Amino acid sequence: MNTSGRQIEIPALYMRGGTSKGVFFLPQDLPADAARRDAVLLRVAGSPDPYGKQIDGMGAATSSTSKVVIVGKSARPDCDVDYWFGQVAIGQPLVDWSGNCGNLTAAVGPFAIHRGLVQAPADGVATIRIWQANIQRRIIAQVPMRDGQVQELGDFELDGVTFPAAEIPLTFLDPGAGGDAQGGGMFPTGRAIDELSVPGVGSIEATLIDAGNPAVLVDAAALGLTGTESQARINGDAPLLARMELIRAHAAVAMGAARTAEEATATRQHTPKLAFFGPPASYVASSGSAVDAAAIDIAARIMSMGQLHHAMTGTGAVAIAAAAAVPGTIVSRLLGGARDALCFGHASGRLRVGAQARQQEGHWEVTKVTLSRSARRLMAGTVFVPAALLGDQA
């Protein structure tokens, strides 16, 4: 049957979670075949777009807004829902399922309630146990309820989000356990700091950590930076971006996440993420407000899909908290020692995180990381895609 001139509707919910937003789906509303599913999701986002704008889709031309989420009931006895996250490349035909989005994690619990996947109390707090299927980890979300509805509005302020909303505390359980990097532990190489030899860059120290998502943590000074840079400063420097991608790609190989640096750049763009840090210093956030050096413990910036993130990724915050809690990492070294709670400055303001760590048989383990985000429904309904993408299923 010729379906080239017809569109089909797919139920979806468009949501903000933390400082990101994306399109949320139930698994049964998407093709079961992975290649066909990804083709549909690319079209939903408006990718690949050589113009870099995603005009013909729901994406908004940044890594923070070119995202898709699938949430379904879990068969695991210790979880309520399974959550898959896809980072949609803007200019390439790629949906990267290699890692989590910590920001959109905040919207998973509310989505599960809105779609009737879980039971929630009429008033109080709904505890949603989430299985993050990409990285095989458990996350607990505390979703506020009022009069039988998810409480979305409130007075919790999150730097990087314009309007206040209701607070959703998140607990990432055993964020450094498992993972797909070599060794399966929080430090894939078994070391808190590695010396990377990067062609075209030279030797650079880095903490290679798999907590929340695989991440590469470096001292900003090693890049000639301070950790207080703006998006315009970083994203407008093409040679710097190229150097940072070389570091990230070679770190991915060292972590066992890719066979070659070229493979990491081509197919593993979402993870690992590169973050850099500096000592506390005053700067002006992207909103124009001042961040005082006395109000932060460390300055932090993180890269996402080749660009400086406008705030901080949720999983980046998890990695920072985990690294801060362990002696000898780049982060704890800059902090002057390990600590279980800190406030770091990012491009849009500040964020507080906490972690619990312990040493087990000579190895450090982080048992949980806590942080708060918020979430809100932006639109409910259906998205349209060409029926030809589904072939015989249309």
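Cut-off values and rules
- Residues numbered from 1 in each chain as written.
- Predicted model: local features only at pLDDT ≥ 70, side-chain atom pairs only at ≥ 80, totals over all residues.
- Heavy atoms only, no water.
- Helix = DSSP H or I, 4+ residues; strand = E, 2+ residues; numbered from the N terminus.
- Rg over C-alpha atoms; globule rule 2.2 N^0.38 Å.
- Buried < 20%, exposed > 50% of the residue type's maximum accessible area, 1.4 Å probe, protein only.
- Contact = heavy atoms within 4.5 Å.
- Lys, Arg positive; Asp, Glu negative; His and termini not counted.
- Charge placed at Lys NZ, Arg CZ, Asp CG, Glu CD.
- Phe/Tyr/Trp six-rings, centres within 6.5 Å; stacked < 30°, edge-to-face > 60°.
- Lys NZ or Arg CZ within 6 Å of the ring centre and 35° of its normal.
- Patch = residues over 30% accessible without salt bridge, like charges linked within 9 Å, V, L, I, M, F, W, Y side chains within 5 Å.
- Areas by Shrake-Rupley, 256 points an atom, 1.4 Å probe, with all protein chains shown as cover.
- Salt bridge = Lys/Arg side-chain N within 4 Å of Asp/Glu carboxyl O.
- Core = buried A, V, L, I, M, F, W, Y, C linked by side-chain atoms within 4.5 Å.

Let's talk about the overall build of the chain
- Across its full length, the chain holds 7 helices and 21 strands.
- Against the 2.2 N^0.38 benchmark of 21 Å for 394 residues, the chain shows a C-alpha radius of gyration of 20 Å, consistent with a compact globule.
- Buried positions account for 54% of the 394 residues belonging to the chain.
- Summarising the internal contacts of the chain: among those between residues at least 6 apart in sequence, 64% fall at separations of at least 24.
- Looking at the chain, you have 32 positive and 35 negative side-chain charges, and the mean spots of the two groups are 2 Å apart.

Things to note about the packing of aromatic side chains
- Tallied over the entire structure, the rule returns 1 aromatic pair.
- Pairing Phe24 with Phe111 gives two aromatic rings, centres 5.5 Å apart and planes at 40°, and the pair type is tilted. Pair noted here: Phe24 is in strand E2 (residues 20-25) and Phe111 is in helix H2 (residues 102-114), with a separation of 87 residues, a long-range link. No difference in accessibility class separates Phe24 from Phe111, as the two residues are buried.
- Looking at Arg76, its charged tip hangs above the ring of Trp131, at a distance of 3.6 Å from the centre.
- A cation over a ring is seen here: Arg301 above Tyr283, with NZ or CZ 4.5 Å from the ring centre.

Comments concerning a negative patch on the surface
- Together, Asp155, Glu157, Asp159 and Glu167 give the surface a local cluster of negative charge.
- Among the structural elements, Glu167 can be located in the loop between strand E8 (149-150) and strand E9 (168-173).
- Take Glu167: its relative accessible area is 37%, and that puts it in the partly exposed class.

Here's the deal with the pattern of salt bridges
- One pass over the structure, following the stated rule, counts 14 salt bridges.
- Measuring nitrogen to oxygen at the nearest pair gives 3.5 Å for the salt bridge that ties Arg137 to Asp210. With Arg137 in strand E7 (residues 137-146) and Asp210 in strand E11 (residues 202-211), this pair connects stretches of sequence that are 73 residues apart.
- Look at Arg137 and you get buried, because its relative accessible area is 4%.
- With its nearest N and O atoms 2.7 Å apart, the salt bridge here joins Arg191 to Asp194.
- Note on Arg191: relative accessible area 44%, which makes it partly exposed.
- Linked by salt bridges that have partners in common, Arg76, Asp78 and Arg138 make up one network.

Quick look at unusual backbone geometry
- With an omega dihedral of -5°, the bond running from Ser47 to Pro48 counts as a cis peptide bond.
- Here Pro48 shows up in the loop between helix H1 (34-45) and strand E3 (67-73).
- Residue Thr271 is joined to Pro272 through a cis peptide bond whose omega torsion reads -5°.
- Inspection of the secondary structure assignment puts Pro272 in the loop between helix H5 (261-267) and strand E13 (273-278).
- Even without being glycine, Gln136 reaches a positive phi, approximately 60°.
- Within the secondary structure layout, Gln136 lies in the loop between strand E6 (124-132) and E7.
- In this structure, Asp174 is a non-glycine residue whose phi angle is positive, near 45°.

A few points about the environment of Asn103
- Topologically, Asn103 is positioned in helix H2.
- For Asn103, a relative accessible area of 1% translates into the label buried.
- Not counting chain neighbours up to four residues away, the residues in contact with Asn103 comprise Gly17, Gly18, Thr19, Ser20, Met312, Thr313, Gly314 and Arg373.

Focus on the environment of Val253
- By the secondary structure assignment, Val253 is in helix H4 (residues 238-254).
- If near-sequence neighbours (up to four positions away) are discounted, Val253 is found in contact with Ala258, Arg259, Thr260 and Ala261.

Regarding the nonpolar core
- Counting residues in each nonpolar core, the largest one holds 66 residues, and the members touching the most others are Phe24, Val71, Val81, Tyr83, Ile128, Ile209 and Phe344.
- Ranked by residue count, the leading element in this core is helix H6 (residues 314-324), at 8 residues.
- Setting aside anything within four residues of it in sequence, one finds Phe344 in contact with Ile296, Ile298, Ala300, Met312, Ala317, Ile320, Gly349, Arg350, Leu351 and Val353.
- If you look at the next biggest cluster of nonpolar residues, it comprises 21 residues, including Ala206, Leu208, Val218 and Phe276.

A look at the environment of Phe276
- Note that Phe276 resides in strand E13.
- Taking the C-alpha atoms as reference points, Phe276 and Arg333, 57 residues apart in sequence, are found 13 Å from one another.

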